[in-house]
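One-letter residues, chain by chain:
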Amino acid sequence: MTETVTKPRLRTRKQVARPPLYKVILLNDDFTPREFVVRVLKAEFRMSEDQAHNVMITAHTKGACVVAVFVKDVAETKATRATDMARGEGYPLLFTTEPET
Ligand code: TYC
């Protein structure tokens, strides 16, 4: 039995879905206790104590720090939940989101 194998005339590439990613950003403020910021980062973003501490210190010294990137609704949900955790304790801590360039 014979078989004819023909090469595709053009190189094709499987279409890969790449949803746009969004950064979750932690903003500094003068009132939220450092340990509370660390606690929120560990709880909502599943960071280790060390990772959370580094992110907190970066936001504290530079004014803001990228926490992580996610698809849009995961980023928004996590930012909202983390911010709400702070509101529940009366702290002004704020997480925002923005598209990754
Ligand atoms: N600046 C706060 C303090 O001195 C601590 C803090 C760090 C708050 C990072 C917010 O994103 C933040 N108590």
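Just so it is clear, the model here is predicted, and its values are computed rather than measured.

A.B. asks: Explain the UniProt feature "domain: Adaptor protein ClpS core" (unreviewed entry) in the chain to me, please; I cannot follow it from the model alone.
C.D. replies: UniProt records the feature "domain: Adaptor protein ClpS core" (unreviewed entry) at residues 18–96, using the numbering of this structure. Spanning residues 18–96, this segment combines 53% helix with 23% strand, and its end C-alpha atoms are found 22 Å apart.

A.B. asks: Where do I start with the environment of Val71 in this structure?
C.D. replies: With respect to the helices, strands and loops of the structure, Val71 is situated in strand E2 (residues 64–71). Since 11 C-beta atoms lie within 10 Å of it, Val71 is described here as exposed. Sequence spacing of Val71 and Val16 is 55 residues, and the spatial spacing of their C-alpha atoms is 15 Å. Beyond its immediate sequence surroundings of up to four residues, Val71 is in contact with Pro19 and Leu21.

A.B. asks: It is not clear to me how the site of the ligand should be interpreted in this structure. Could you clarify?
C.D. replies: As a structural note, the neighbourhood of the ligand is formed by 13 residues, with Leu26, Asn28, Thr32, Ala59 and His60 the closest of them. Mapped by element, the contributors of at least two residues to the shell around the ligand are strand E1 (21–27), helix H1 (34–45) and helix H2 (49–62). Sorting elements by how many residues they give to the shell around the ligand places H2 first, with 3 residues. Partitioning the shell around the ligand into residue classes produces 7 nonpolar, 3 polar and 3 charged.

A.B. asks: Quick question: what am I supposed to make of the sheet that holds E2 here?
C.D. replies: Within the open sheet, the 3 strands sit side by side as E2-E1-E3. Their pairing is antiparallel. Strands at the two margins of the open sheet, each flanked by one partner only, are E2 and strand E3 (94–99). Here the strands of the sheet are splayed against their neighbours by 30° on average, with no regard to which way each runs. Sheet strands touched by H2: E1 and E2. Its angle to E2, the strand with the most contacts, is close to 125°.

A.B. asks: Honestly, the pairing of E1 in this entry has me stumped. Any pointers?
C.D. replies: Along E1, the buried face is formed by Tyr22, Val24 and Leu26; none of Leu21, Lys23, Ile25 and Leu27, which line the opposite face, is buried. Alignment of E1 against E2, held across 7 bridges, turns out to be antiparallel. Bridge pairing in E2 places Leu27 opposite Ala64. One ladder, built from 6 bridges, connects E1 with E3; its direction is antiparallel. Paired with Lys23 across the bridge in E3 is Glu98.

Calculation notes
Residues numbered from 1 in each chain as written. Predicted model: local features only at pLDDT ≥ 70, side-chain atom pairs only at ≥ 80, totals over all residues. UniProt positions renumbered as here; feature names shortened; annotations may be inferred. Helix = DSSP H or I, 4+ residues; strand = E, 2+ residues; numbered from the N terminus. Buried ≥ 20, exposed ≤ 12 C-beta atoms within 10 Å, placed from the backbone. Contact = placed C-beta atoms within 7 Å. Near = placed C-beta within 6 Å. Nonpolar A, V, L, I, M, F, W, Y, C, P; charged D, E, K, R; others polar. Pairing = 2+ DSSP bridges. Axes fitted to C-alpha atoms, helices over the stretch in contact; angles between N-to-C directions.

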